Amino acid sequence: ERAIDIKNECKTDGMKLVFNRFDKMRSVVWMAATHATAMLDAFGSLAQIAVQPGFSRPQIMDCPPSAKPGVAIAQGRHPCLSSTYSAGDFIPNDL
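Just so you know, the residues in each chain are numbered from 1, in the order the chain's sequence is written. Residues qualify for local features only when their pLDDT is at least 70, as the model is predicted, and side-chain atom pairs are given and counted only at 80 or more; totals for whole chains, interfaces and linings, by contrast, use all residues. The side-chain figures draw on all heavy atoms in the structure; neither hydrogens nor water molecules are used.

A closer look at a nonpolar patch on the surface
- A contiguous nonpolar surface patch, about 570 Å² in accessible area, is contributed by Phe22, Met25, Val28, Val29, Trp30 and Met31.
- Only runs of H or I of at least four residues qualify as helices and only runs of E of at least two qualify as strands under DSSP, and these elements are numbered from the N terminus. In terms of residue count, the dominant contributor to the nonpolar patch is helix α2 (residues 26–50) (four residues). Each patch is assembled from residues with relative accessible area greater than 30% and no salt bridge, linking like charges that lie within 9 Å and nonpolar side chains (Val, Leu, Ile, Met, Phe, Trp, Tyr) that lie within 5 Å. Areas reported here follow the Shrake-Rupley algorithm with a probe of radius 1.4 Å; residue values treat only the protein chains shown as occluding. When a carboxyl oxygen of Asp or Glu is within 4 Å of a side-chain nitrogen of Lys or Arg, the pair counts as a salt bridge.

Focus on the confidence of the model for the protein chain
- A residue's pLDDT is the confidence the predictor assigns to it, expressed on a 0 to 100 scale. Considering every residue of the protein chain, the mean pLDDT works out to 83; 95% of them sit at 70 or more.
- Mean pLDDT values over the elements of the protein chain span from 72, in helix α3 (residues 81–84), up to 89, in helix α1 (residues 2–24).

Notes on the environment of Ile4
- Locating Ile4 in the fold gives a position in helix α1.
- In this structure the C-alpha to C-alpha distance between Ile4 and Ala74, which are 70 residues apart in sequence, comes to 62 Å.

Quick word on a negative patch on the surface
- None of His or the chain ends enter the tally, which takes Lys and Arg as positive and Asp and Glu as negative. To locate a charge, the coordinates of NZ of Lys, CZ of Arg, CG of Asp or CD of Glu are taken. A grouping of Glu1, Asp5, Glu9 and Asp13 is seen on the molecular surface, where their side chains present a negatively charged patch.
- The topology assignment puts Glu1 in the segment before α1.

A short note on unusual backbone geometry
- Of note, the phi angle at Gln75 is positive, near 55 degrees, even though the residue is not glycine.
- The topology assignment puts Gln75 in the loop between α2 and α3.

Below, the structure is given as structure tokens:
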């Protein structure tokens, strides 16, 4: 029983060290992780829409390390417009 207690204490101490180190780097590491997750989520949603009729697949371009990555949309329209907009011609937008 004492061995199990020692093992649990070591595990708890190890986790405290990991979380303490993460907390010290939180602003850099956490923000990078959340930004990457948000971008993947957005790109995944765009990919699901891109396979539908009337939409086009994205072109993925190289981005030099010194440049800020981004998204350019030409002649875009929101996917919800197909099911909700019925008031005539729609003017596509660039983003």
